[in-house]
Amino acid sequence: MRAHTNKKILPDTARLQTRMRIDRHERAWSAMEIYFFTLFRGNLAYVRVGFMNPYHDVDGNDYSNLCCLEWLGDQSSWKFAVWDPDMAVYVPARVSGGSETGTPEECVDSALKILFGWDVP
């Protein structure tokens, strides 16, 4: 028997809305020559960053895992975890305001700051 979990179900409309928000937010980062792609599994959204400029490649790859967002029931509050390349896992993190949750855009910006030291251009 499975243990009962209190995880919220990520509706299809929220998946589409999240993907669109992150795609629109990509424009704020266009000067860095990067793009985002989002994958969904269950109530999680995994965001990767792709590099158009080979200068930004990580370990010879033209993309990197960036962050994992856990759906908590609305678009304004996602639980945030950032990719730890040394441990090859997502670890809980805080968005720039100090909260453990944030909007998809805040989470992406915070992950780029944590992993690469980049501020929104």
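Residues numbered from 1 in each chain as written. Predicted model: local features only at pLDDT ≥ 70, side-chain atom pairs only at ≥ 80, totals over all residues. Heavy atoms only, no water.

A. Expanded view of the overall build of the protein chain. What the protein chain contains, in helices and strands, is 2 helices and 6 strands. In the protein chain, the succession of helices and strands from N to C terminus is α-β-β-β-β-β-β-α. Relative to the compact-globule value of 14 Å for 121 residues, the protein chain shows a C-alpha radius of gyration of 14 Å, a close match. Within the protein chain, the fraction of its 121 residues that count as buried is 40%. When the accessible surface of the protein chain is split by element, carbon and sulfur atoms take 51% of a total near 7,300 Å². Between the centroid of the 13 positive side chains of the protein chain and the centroid of its 16 negative side chains there is a distance of 10 Å. (Helix = DSSP H or I, 4+ residues; strand = E, 2+ residues; numbered from the N terminus. Rg over C-alpha atoms; globule rule 2.2 N^0.38 Å. Buried < 20%, exposed > 50% of the residue type's maximum accessible area, 1.4 Å probe, protein only. Areas by Shrake-Rupley, 256 points an atom, 1.4 Å probe, with all protein chains shown as cover. Lys, Arg positive; Asp, Glu negative; His and termini not counted. Charge placed at Lys NZ, Arg CZ, Asp CG, Glu CD.)

B. How the structure looks around the pattern of salt bridges. Scanning the model with the defined rule gives 4 salt bridges in all. Between Arg15 and Asp12 there is a salt bridge; the shortest N-O distance is 4.0 Å. Of this pair, Arg15 and Asp12 both sit in helix H1 (residues 12–25), separated by 3 residues, roughly a single helical turn. The class for Arg15 is partly exposed, based on a relative accessible area of 24%. Overall, Asp12 belongs to the exposed group, its relative accessible area being 65%. Here Arg21 and Glu105 are joined by a salt bridge, their closest N and O atoms 2.8 Å apart. Here Glu105 lies in helix H2 (residues 104–116) and Arg21 lies in helix H1, a separation of 84 residues in the sequence. In this structure, Arg21 and Glu105 share a single accessibility class: buried. (Salt bridge = Lys/Arg side-chain N within 4 Å of Asp/Glu carboxyl O.)

C. Up close: H2. Here H2 contains 13 residues, and its C-alpha end-to-end distance of 18 Å stays within 8% of the 18 Å for a straight helix at 1.5 Å per residue. Those residues of H2 lying buried are Pro104, Glu105, Cys107, Val108, Asp109, Ser110, Ala111 and Leu112. Elements that come into contact with the buried residues of H2 comprise H1, strand S1 (34–41), strand S2 (44–51), strand S3 (63–74), strand S4 (77–84) and strand S6 (101–102). The positive-phi residue at the C-terminal boundary of H2 is Gly117, with phi of around 75 degrees. (Expected span 1.5 Å × (residues − 1). Contact = heavy atoms within 4.5 Å.)

D. Here's a closer look at the nonpolar core. Counting 26 residues, the largest nonpolar core has Ile34, Phe36, Leu66, Phe80 and Leu112 as the members making the most contacts within it. Of all the secondary-structure elements, those providing two or more residues to this core are H1, S1, S2, S3, S4 and H2. (Core = buried A, V, L, I, M, F, W, Y, C linked by side-chain atoms within 4.5 Å.)

E. View of the layout of surface pockets. Estimated volume of the largest pocket: approximately 190 Å³. The wall of the largest pocket is formed by Val58, Asp59, Asn61, Tyr63, Ser64, Asn65, Trp83, Pro85, Leu115 and Phe116. Of all the secondary-structure elements, those providing two or more residues to the lining of the largest pocket are S3 and H2. (1 Å grid on protein atoms, 1.4 Å probe; cavity = no way out; pocket = protein on both sides within 12 Å on 5 of 7 lines; lining within 4 Å. Points joined across faces, edges and corners; volume = space filled by probe spheres on them.)

F. Structural context of H1. Between its first and last C-alpha atoms H1 spans 20 Å; for 14 residues at 1.5 Å apiece the expected length is 20 Å, and the two agree. Along H1, the positions that sit buried rather than exposed are Ala14, Thr18, Arg21, Ile22 and His25. When H1 is viewed along its axis, its buried side chains cluster within an angular range of 95 degrees and face the same direction. Those residues of H1 that are exposed and aimed more than 90 degrees away from the buried face are Asp12, Thr13 and Leu16. Where H1 is buried, its residues contact S1, S2, S3, S4 and H2. (Arc of directions from axis to C-beta.)

G. Spotlight on the side chain of Ser77. Among the secondary structure elements, Ser77 is positioned in strand S4. Engagement of the side chain of Ser77 in a polar contact is seen with the side chain of Thr101, the distance being 3.5 Å. When near neighbours in sequence (up to four residues on either side) are disregarded, Ser77 contacts Leu72, Thr101 and Gly102. (Polar contact = N/O pair within 3.5 Å; in protein donor to acceptor, adjacent residues only side chain to side chain.)

Bear in mind that shape data such as this cannot, by itself, settle questions of function.
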